[in-house]
Amino acid sequence: MIPAGFEYHRPTDVASAIEILKTHGDEARVVAGGHSLIPMMKLRMADLAHLIDLQDIASLKGIEIGADSVSIGAMVTQHELITHAGLHEALPIMREAALQIADPQVRYVGTVGGNVANGDPGNDMPGLMQCLDATYVIEGAEGTRRVKARDFYQSAYFTDREEDEILTRIEIARLPAETGHAYEKQKRKIGDYATAACGALVTMQGGTCTAASVAMTNLSDTPVWSEEAGAALVGTSCGPDAVAAAVAACLEAINPTEDNRGPVEFKRHVAGVIIRRAIERAVSRA
Amino acid sequence: MKDAVDTPEERSAGLKGMGCARKRVEDVRFTQGKGNYVDDIKLDGMLFGDFVRSPYAHARVVSINAEAALALPGVVAVLTAADLAPLGLHWMPTLAGDKQMVLADGKVLFQGQEVAYVIAEDRYIAADAVELVEVEYEELPVVVDPFKALEPDAPVLREDIAGKMEGAHGPRRHNNHIFTWEQGDKDATEAVLAEADVVAEEMIYYHRTHPCPLETCGCVASMDKVTGKLTLWGTFQAPHAVRTVAALISGIAEHNIRVISPDIGGGFGNKVGVYPGYVCSIVGSIVTGKPVKWIEDRMENLMSTAFARDYWMQGKIAATKEGKITGLWCHTTADHGGFDACADPTKFPAGFMNICTGSYDIPVAYLAVDGVYTNKAPGGVAYRCSFRVTEAAYFIERMIEVLAIKLNMDAAELRRINFIKADQFPYQSALGWEYDSGDYHTAWDKALKAVDYEGLRAEQAQRVEEFKAGKTRKLMGIGLTHFTEIVGAGPVKNCDILGLGMFDSCEIRIHPTGSAIARLGTISQGQGHATTFAQIIASEIGIPADDITLEEGDTDTAPYGLGTYGSRSTPVAGAATAMAARKIRAKAQMIAAYLLEVHDDDVEFDIDRFVVKGAPERFKTMKEIAFAAYNQAIPGLEPGLEAVSYYDPPNMTYPFGAYICVADVDVDTGEVGIRSFYALDDCGTRINPMIIEGQVHGGLTEALAIALGQEIAYDDMGNVKTGTLMDFFLPTAWETPNYTTDHTVTPSPHHPIGAKGVGESPNVGGVPAFSNAVHDAFRPFGLTQSHMPHDHWRVWKTANKLGLHG
Ligand SMILES: Cc1cc2nc3c(=O)[nH]c(=O)nc-3n(C[C@H](O)[C@H](O)[C@H](O)COP(=O)(O)OP(=O)(O)OC[C@H]3O[C@@H](n4cnc5c(N)ncnc54)[C@H](O)[C@@H]3O)c2cc1C
């Protein structure tokens, strides 16, 4: 479990980091918390000649709580997502989800940027970002562009990001006050990726659902956001029939595969339970 | 003088002797990161070894090309079987009378098998060089199912012994067959089965798992070419045995080998065996003239060093209509992997599996075990249990439940009416053991009362109603277990490993100022020997435990012993400690009598001193006696105060316990939540209640892991599916429930202090308790047996098969 040799770079601004990426092409990779990348290197499934550490780049840090939106730096750790009071006040689902990632040791070091950029279907943040309709700010040699989390993921480990681009920040619009949230996750133990996980946001006004968003983790080779699930809830009182319709829509959209957690039929069943629990809990909090 | 005014209670408490919840003296260094583990050993010029391992489970090794690896700067050597063959070290004997390849000799038999050994100047270079060794393989058909391995046309795994129909444990009937071991009376048992009112039959599978100690295996070998002396530091649960075996296979004289087990970060049986890494490191040091270190990584540990369990146990249990058990029959198919490297006493190729009549008075029984080769890693060690005792306990405790279902009886009551009664001890079991002592009814009644068993059953019945009415999706299970262990191997007359008798030893030296050092043939891997053995001495000779240093693990200084596993340290070395202490006390008595100018018989031992009988104001403390022993010429006595004892136990000890687990099972997600766990242990005399509690907590957590998810799983190609801690379930504090511990005390009649050993009880009794709880939750819906581990998807599958998903 020892990685092959590599050269270590530690730039202090994004432009330099991009420059190094450009120079070395696919020989180079940025490292954030390293808690996805380093294990791959130790298993020698990733062999990189150059590692560009982002931790000295100040512009990638910090959580900004605006009147209408929140901006989270890529290098913000998962631990900070849990402890930041302003973030909790603005988007309480962040803490609930972050607490279900890995264990405290991993969360002290693992970053939100690494989690969403990684492209591993097991990561919890991508589904959450789709649920929140987040926007990723991406910088490259040609400048800055913005991509919706819902458009970012192509297949396992393949994303819309080019190899010489860096994800710098995540922007999330604040939600109406009447929004209930939930992030449900079934896992085998602390530190495990999801057998099935689901984020749900439901806005209720006067007993009627006015907006709803449901997204799932580790149930396909990308995170899955189900537009139909939200549609099944909007306009209803989110009673059992509407929830069942939303769950059915979600199950339509997923494509789990067998692994040590169990076969497909088990995962589909569990997914149904977890999705229902997430929606019901979000509704109960709305 | 203070001694004169202290009350007997105060003097006794000051010793921190037996019964005291003395804090572990080891923890000061462990909790400060000041332990000294094998990987902490750094020697000048030390080189590092690393293995090229087979990606295939069964393949011919066509060629090995090490050129590119050797060309890498910093690489010193690459060893293959061809290099070891001239030394006769390309194969090595296993503890089970088989032999095992040190490095692949023409073929590989399991994924992760050692193929070549790279030696380099540092770890990083060694790891890079491993990648550069080119091995060409030709894949062969893989057998991972022990039943298929015995089919007539199964591929021959062990070509080295193909056609050899006699093995280390008797006749072999197939090329993939290792041995058949039979115990008990087959004909009589089958006759009882044929006549019985009721016979319950079931296949009980105890899956393959792994001890997975926190510290993986490793060693540092250092051959001093000037003195001719080999020093070997390593993760050895039996350092003396390693020294003797090393002498026998290497040809180096035993006095020129010094084996040292430094601090060991958990063993659980994983560190009993001899691994290719040790042999290659020794050869590497001899070849290079430099010390060579080898440390496994986690994946290597899980994939290649000793696994545990993997027993398919077909059982039949006969009873009267009223539930009195009349006979037990068991046929076990034991999957041993590619080599038979089980660590069992020589005469017991299936360990003490014949304790499988458990806590019950079963008049007639029969056990047969077939050992089988497959394309899996070798091992078969006792993972925190005496040899195959946890398999036996799981088997009988499941069979009791299966019988209770068949009889439509309460499983607690069925146990009660079949327990061996207190007045039947010593009890001769149908499968050949003499149980030394026990009082099962008392323990059982105490346990049932403590958990309010009746109340739990009522609640469970109500839960079933609520479930049927659609008010809940969680079922409740009550997991019962009454286990009996057999530990403390053991009497030399029937217990040896590779011919080495399984006695153990202790040497005690009292210093002139009244403090002491004791050395034992055992080695702690976390059990707290330095704490508890000092307590035995403290009580026996009246020196405070805090004034006693305890040392183990260095074969140049410690007396010879067979090491620590199978809960044998307290039953065997603990007995040796008491006996050595008593020799010292006997001499101290003579010294005291001389000093007090009375006859030997006129003084008596009193906590920490000898007093003149009838005149308690006239005494000599052990401190005074120690000083006199060295500094006063006493007619007829040699100076000094020390003793050594080698203890060959007359019998094993038989700890037992009653465990009750209450679980809530979510039928939709398959999650099992442990609501409560009550563990009553009877380990005889209790030396340190806090250490016992710690051992029970740790062992129960391992049992939880095994029952609920921990396994070494293979796919059909023989690939290990659970080779990292992401998939191999190691519970954290989060998954660990609260435990309630309790005890009864039934001292062993033949042990000097009546102690029986407790380290392994919780694993032995815990697994059936957790598993029975899951089974019990589904009993009202018709479940008889579902195999462990009860992870989410398997529990879900059980619910699904029973039609509980609508
Ligand atoms: C034991 C364990 C358990 C875990 N359990 C979970 C879990 O339950 N749920 C979960 O979601 N995650 C889990 N993780 C993963 C953990 O959350 C990682 O920290 C996270 O996936 C990656 O973040 P990182 O900062 O460590 O990224 P790194 O490992 O440093 O990087 C990951 C990838 O993203 C790229 N990258 C990183 N930052 C950027 C950026 N700013 N721009 C472009 N590319 C970038 C890297 O080049 C690399 O390819 C677990 C990890 C471990 C070790």
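Keep in mind the model is a prediction, meaning the values are calculated, not measured.

Right, let's talk about the site of the ligand for a bit. Close to the ligand lie 31 residues, the nearest being Val30(A), Gly33(A), Gly34(A), Thr111(A) and Asp124(A). Looking at what sits near the ligand, you find residues from chains A and B. In the model, an oxygen atom of the ligand is placed 2.7 Å from a nitrogen or oxygen of the Gly34(A) main chain. Take Ala102(A): an N or O atom from its main chain is 3.1 Å from an oxygen atom of the ligand. When the ligand sits alone it has 970 Å² of accessible area, and the protein chains cover 94% of it. Tallied by class, residues from the shell around the ligand come to 14 nonpolar, 12 polar and 5 charged.

The next point concerns the domain arrangement of chain B. Residues and elements named next belong to chain B. Taken as a whole, chain B is organised into domain 1 (2–35 + 504–647), domain 2 (38–140 + 216–264 + 271–304) and domain 3 (307–489 + 652–801). Summarising the inter-unit geometry, the C-alpha centres of domain 2 and domain 3 are found 37 Å apart. Between domain 2 and domain 3, the contact holds 22 residues from the first and 23 residues from the second. Carbon and sulfur atoms make up 62% of the surface buried where domain 2 meets domain 3, a total of about 1,800 Å² over both sides.

On the side of chain B, 26 residues touch chain A, which itself brings 25 residues to the contact. Buried area between chain A and chain B, summed over both chains or domains, comes out near 2,200 Å², and the portion from carbon and sulfur atoms is 58%. Taken together, the connections running from chain A to chain B amount to 3 salt bridges. Arg277(A) is the partner of Asp666(B) in a salt bridge, and the nearest nitrogen-oxygen pair spans 2.9 Å. Joining chain A to chain B, the criterion identifies 12 residue pairs in polar contact (both at pLDDT 80 or more). When the residues that make up the side of chain A that touches chain B are grouped by side-chain class, the tally is 11 nonpolar, 6 polar and 8 charged.

Conventions and cut-offs
Residues numbered from 1 in each chain as written. Chains lettered and ligands numbered in written order. Predicted model: local features only at pLDDT ≥ 70, side-chain atom pairs only at ≥ 80, totals over all residues. Heavy atoms only, no water. Near = heavy atom within 4 Å. Polar contact = N/O pair within 3.5 Å; in protein donor to acceptor, adjacent residues only side chain to side chain. Areas by Shrake-Rupley, 256 points an atom, 1.4 Å probe, with all protein chains shown as cover. Nonpolar A, V, L, I, M, F, W, Y, C, P; charged D, E, K, R; others polar. Domains from an automatic or database assignment. Contact = heavy atoms within 4.5 Å. Buried area = accessible area lost by both parts, 1.4 Å probe. Salt bridge = Lys/Arg side-chain N within 4 Å of Asp/Glu carboxyl O.

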